[in-house]
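# Results of the structural survey
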Amino acid sequence: MRPLEENTRFVPGQGVVLYPQIGDKLDIVCPRVDGPSDGVEYYKVYMVPREQLESCTITKADTPLLNCVKPDQDVKFTLKFQEFSPNLWGLEFFRGMDYYIIFVLSCAARRLISEL
């Protein structure tokens with residue numbers, strides 16, 4: 001398996017675009033802050049359809065993949081690109097489909113677009 005970094009590129013106006021293969025893993029890490037937490041950014045990570053990505057909106061039905069609300073702790077979420085998940089609430093990814101992940105912070109979003 002090749003490193004995912006080899007398949008990563010920043011696209012102006014779109015954010016980071018990844019081209020993972022089935023079996024690849026992606027770690028999303030909340031930054032840890034040592035020292036005072038004044039001015040620390042708190043954000044949530046969501047997987048959304050393209051329409052929500054483009055409008056930077058989250059609905060009540062959207063469940064965060066990750067809550068970055070503990071700046072004094074190491075918090076990591078690992079996405080495994082798999083077509084079948086043994087976990088009832090596990091994520092499944094299919095070849096040829098596009099997936100969109102946004103980081104929501106004070107109504108601003110940073111985008112991560114995953115494409116298989």
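Residues numbered from 1 in each chain as written. Predicted model: local features only at pLDDT ≥ 70, side-chain atom pairs only at ≥ 80, totals over all residues. Heavy atoms only, no water.

### Here we look at the confidence of the model for the protein
Overall, the prediction assigns the protein a mean pLDDT of 77, with 77% of residues at 70 or greater. Per-residue pLDDT stays below 50 along residues 1–7; that stretch engages in 13 contacts with residues further than four places along the chain or on separate chains. Per-residue pLDDT stays below 50 along residues 106–116; that stretch engages in 50 contacts with residues further than four places along the chain or on separate chains. (pLDDT = per-residue confidence, 0-100. Contact = heavy atoms within 4.5 Å.)

### Regarding the state of the cysteines
Applying the stated rule across the entire model yields one disulfide. Each sulfur in the disulfide pair Cys 30 and Cys 68 lies 1.9 Å from the other. Because the torsion about its S-S bond is -75°, the bridge between Cys 30 and Cys 68 counts as left-handed. Taken as a pair, Cys 30 in strand 3 (residues 25–30) and Cys 68 in strand 5 (residues 66–68) lie far apart in primary sequence, 38 residues in all. (Disulfide = S-S within 2.5 Å. Helix = DSSP H or I, 4+ residues; strand = E, 2+ residues; numbered from the N terminus.)

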